[in-house]
Structure formats: C-alpha cells, structure tokens
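As a plain string of letters, each chain reads:
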Amino acid sequence: AAADGLGSIAIDTTQLNMSVTDPTAWATAMNNLGMVPVGLAGQQLVTDSICVPGFDPSLSMMTGITPINPMIPGMGLVPPPPPTDVPVVKEIIHCKSCTLFPPNPNLPPPSTRERPPGCKTVFVGGLPENATEEIIQEVFEQCGDITAIRKSKKNFCHIRFAEEFMVDKAIYLSGYRMRLGSSTDKKDSGRLHVDFAQARDDFYEWECKQRMLAREERHRRKMEEDRLRPPSPPAIMHYSEHEAALLAEKLKDDSKFSEAITVLLTWIERGEVNRRSANQFYSMVQSANSHVRRLMNEKAAHEQEMEQAKESFKNALTGILTQFEQIVAVFNASTRQKAWDHFSKAQRKNIDIWRKHSEELRNAHSEQLMGIRREEEMEMSDDDSGDNPSKKLRVDDSALAAQAYALKEENDSLRWQLDAYRNEVELLKQEKGQLFRTEESLTKDQQLQFLQQTMQGMQQQLLSIQEELNNKKSELEQAKEEQTHTQAMLKVLQEQLKSAKELAEINGHDDSQANEINVLTVALVNQDREKNSEKRSPGLKSEKEALLIGIISTFLHVHPFGANIEYLWSYMQQLDSRISANEIEMLLMRLPRMFKQEFTGVGATLEKRWKFCAFEGIKTV
C-alpha cells in the first residue's frame, strides 16, 4: 500500500500495517465467519481519500472567504488522493485483545446520519457484551487521541476525539465484526456500528471557532478599509482673534491661500460673523478679493502660453504640409510618361497606392491648417485694429471705469466700516438700556400699519365705486337727452303730417301722395331709431364675435331666402361645438343693420328666418 501522510502524522503505521504470514490460517478464520478472504497483503486502516479533515461549508458564507484547509492534497502535508475508481479494500485488523474482521465488500456501505458541525464525538454500537473500556480504547486509539469514553451497559458507547478528522477514521471501522481473543462465544463477538454523535461540547467549540474566524475576518476587512480609505482632511480650528490674525497673514501668502480660504469659508458657514468680528472678517474678505488680480494675471500668462503653443503647432504643421507637398510632387513626377514606362507593373501599383495615400494625408493636414487660419481671422475680426480711434476711446473708458471701480470699492469699504461702528454703538446702547422698546409697542405699530393698509384699500374701493356711479349717471343723462330728442322729432313729424293732410284735402290731391308722405315719415322715424340703436348698441366684445359675424354673414349671403336659427346653429356646431343657439340669436339681434328677421308661412308652417341685409343698407344710403 502507498504511504499514508495522515497515518505518518497521527498514527503509527507499524500498528496498522499487517502482513499475513500464514494464509491458510487466515483463510480458515474467514471461512468460519462465512466471509470470502480478500487480499493477502496488509493495508492501512484509513486511506488518504477518507481521512481528509472536514471543514464547515457555511464558514465561507459567514466570513466571506473560503478557509484554507491544511490537509487538502497539494498543500504539502498530504499526498494526492488515489483515483476514485479504485475500490477501497478493507483487511483484518489484529489488536492485542481482539481481532476486527472486515465486512463483506459486496454489501452496501453502512448508513450514517448527517454530520453535525464541529463533530468530534462518535457513537459506537454493536459492541460485544464482554468488551471493556480498555479494549474499546485499544481499538479506537489507533484513530487518534481520545479525550473521553462514555460506555453504557447496553453494548454501546460514545467516544470523543481531540480533532475532527479522527472521527472519519473511526467511521471507517463501521461494519467490522469484533471478536475478543480466539473465543467463539456469542458474548465475545459483535458487529460494530459507528456513527456521528451530536454533543454540546463539540457544538460549543465549533461556535467559538466560527466566532473567532468571523472576528479575524472583520478585523482583516477593517484593516483593508482603513488602508484604502482616503486621508481625512485636516481639522479646522475654532475662531478666535489670535487665529483670525494668523489667518489674515496666510491669506496674503500665495502659497497658503487655498488652505486659508477653506478655513475662512468654514468660519463664515459656522456663523462666526457677528457685530464684534465683522471688521476682521471684512478685512479677510478684502484680502481674498485682492487675489483676483493675481489669478487674472495667471490666466493671462496661461493664455499667452497657449497662444505660443498654437503658433508653434501651426508652424510645425506648415512644415509638415510642405514636406507632404514635396512627396506628392515626387509621386506626380514619377507617374509621367517619361519615367512611368521604365517601372514594372508591381512597382507602378505600389507607387499609385503611395501617391493616393500621401494626397489624402496632405489634404487632411491642409484642411486642418485652413481651419486654424479661419479661427485666427475670426478672432482678428472680432478685435479692432490698434489705429482705430474708437478702440482708443474704449481703452480710455476702461481705464476710467477701473479707477471709478477702485474708488467705489474704497467708498463701500468706508461705508461698511461706518456701519460696523454704528452697529457697535447701537449694541452698546441696547446693553445699557437706553434704547428699550417693548413688545406691546411693536404689536401696536403692527396693528396701526394693518389698519392703515385696510383704510387705503377701502378708499380705493370707494373711489372705484364713485367712478362707476358717475359713469352710470352720464349714461342715464344721455338716454334722457335721446328720449327728449326723439319725442320732439315725433311731435314735429306729427305736425307736418297733419299739415300735409290738410293741404291734401284742401287741394284735392290723391291718396297716393298721402301714402308717400306717410312712408317718408315712417322712414325718417325708422332712420332715427336705427341711429339711436347704433348709439346704444355696444361694439364687438372679442375677436371671437367678429369671426362668428363673418361666418354667419357668408352663410346667410349664400342663402338669399334666409335661414332659421336651428339650421344656422347646426352649421356653426361643426365649427365650434361649444356655441349655443341662444348665443347666435343674441348676436344677430345686436346688429339690426346687418341681419333682419322675417316671418314666412301661415298657421302651423309659420317660421322665423334671418336674412343678411347689410348690402341693402349700403344701397339705400
């Protein structure tokens, strides 16, 4: 048998390897037990493929990593396992007090329960009745160090080992027949059944081990997070007059400006600005503002560098384009008849390909150079030349504006300092109690302001009502004047009519002349009424009404015999579904000079029709 790594570590191989010197005696003993003898050479009790320590599969789920098993083949401690297709051959095991005979290899392997986590204890059943604790220890100590044996009176016991992998070696003995000495008594023999046992001590130790691994994993992760975490920003000190003075000096230094401006921003956001510290903060803000000119100068320097880089790039691009032109000229000269005939077909093909490629590159670079020149021309067109007087005026104006801005800044700074001093004086007065104003006076002032606002609103409403009343009065006076005017006209016409009738009777005129006089008077009265109605009737209210009038006029114009209101409404519904017949009728009644209403039919067929009469009024006029 191959050398077993685990056996060399935990078990003395001389105790497990046995070679049978008398094959006949061995065969006789196997025949007495009713078993077919298998193999003649001794073999280890436990093989590498079986005695691999078992690790908990949930360990990777708890800790996030798979634990390294030192007993895995390939790690240097255990040789590679044998092929799985080779059957494991069990042999007889001789001990000092007993002999273990292997089970029939044709029988199925003995069944076991599910292995509890961290199992170090096994259940051993089927022991001979005369087996003692010393005999049990002699048999199972070959599997590993035994820490405890608990034997029962009913031919079974529990054995606890020092390590988990020793349990697998003990499970290997399940199915063996145990015989004490050379006795054939029934009480001196029994078939062993070895199975996993669930013990509280094993589970407790397993839990402790899992917790230890979890703590190690958490510590490892924390160390990794601390290593990958970016460094914390430096702590910002609290505001004080001493720190403010130091910060003001740092703000004046260009190298420390970025750090100092962060501290200043934090102080302002914390609310450190008050009436006492306003002057210090203003001076620091003013120092920060003084860096604007420096930043603008840096920007101008960078822009100048960029312009120089553009110029150098343009010059380099021009040189590259010149060389491309020379290369293309060489290719063009090569393609002429004088030199082209001396080249072979393959050489001509290569020269043609190279020429096309060079022309493409030349065209691309020329387009890029033209684009750069166009951009420069556009920039030059935006900026006027230096000889332009308007530009000089703009320069002078800009200088004056800069001086005015500087004077304005100085004025603002002085005004802010004055306000700060005034605020300090008011603060001192308030502390001394000279300026005391109670909450009652404030509430009275608020109530007074509210009452004043309400009085102003009521006055505005009263003025608007008075204006409306005056408008109504003027409209009523106009209506009265129109009524008196029409009455006077009516009286005059009646008198004229009477005088005309008398003259007709005296002179003996015909009735036709009287009728013409009556028609003339009626026409005058109607004309006067129409004028009054035009004066009274309001104009169009909206663009919608004008559009409706245009559509209705067109519709009635193409219907010379008129149309009733339902027919007209059904036509308008197709254009605007929200319009009503009453709205159309009111609009027609408001315009009597454009639309007139006539009655047609007799009795039940009596019908009201509207006609378009605007052209008739124009003809009469």
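Per an unreviewed UniProt entry, the protein goes by the name ENOX1 protein and belongs to Cephalopterus ornatus. As its UniProt record puts it under Sequence similarities (unreviewed entry), the protein is described as follows: "Belongs to the ENOX family."

## A short note on the sheet that holds strand β8 (residues 193-196)
Spatially, the 4 strands line up as an open sheet ordered β4-β5-β3-β8, and their pairing is antiparallel. Among the strands making up the open sheet, the edge pair consists of β4 (146-151) and β8. Within this sheet the neighbouring strands show an average axis-to-axis angle of 20 degrees, counted without direction. Judged from the 5 bridges that link them, strand β3 (residues 121-125) and strand β5 (residues 156-161) form a sheet pairing that is antiparallel. By the bridge assignment for β5, T121 is matched with R160. Strands β3, β4, β5 and β8 of the sheet are contacted by helix α5 (residues 133-140), whose axis makes an angle of about 140 degrees with β4.

## Topic: the sheet that holds strand β2 (residues 98-101)
Reading across from one edge, β1-β2-β6-β7 is the order of the 4 strands in this open sheet, with antiparallel pairing throughout. Because the sheet does not close on itself, it has two edges, and the strands there are β1 (93-94) and β7 (189-191). When strand β6 (residues 177-180) meets β7, the two strands line up antiparallel, connected through 3 bridges. The partner of R179 across the bridge, within β7, is S189.

## Side note on the side chain of N564
Inspection of the secondary structure puts N564 in the loop between α16 (543-557) and α17 (565-575). Taking the relative accessible area as the measure of exposure, N564 reaches 18% and is therefore buried. A polar contact is formed between the side chain of N564 and the side chain of E607, at a distance of 2.8 Å. Excluding residues within four positions of it along the chain, N564 makes contact with E607, K608 and R609.

Analysis parameters
- Residues numbered from 1 in each chain as written.
- Predicted model: local features only at pLDDT ≥ 70, side-chain atom pairs only at ≥ 80, totals over all residues.
- Heavy atoms only, no water.
- UniProt positions renumbered as here; feature names shortened; annotations may be inferred.
- Pairing = 2+ DSSP bridges.
- Helix = DSSP H or I, 4+ residues; strand = E, 2+ residues; numbered from the N terminus.
- Axes fitted to C-alpha atoms, helices over the stretch in contact; angles between N-to-C directions.
- Contact = heavy atoms within 4.5 Å.
- Buried < 20%, exposed > 50% of the residue type's maximum accessible area, 1.4 Å probe, protein only.
- Polar contact = N/O pair within 3.5 Å; in protein donor to acceptor, adjacent residues only side chain to side chain.

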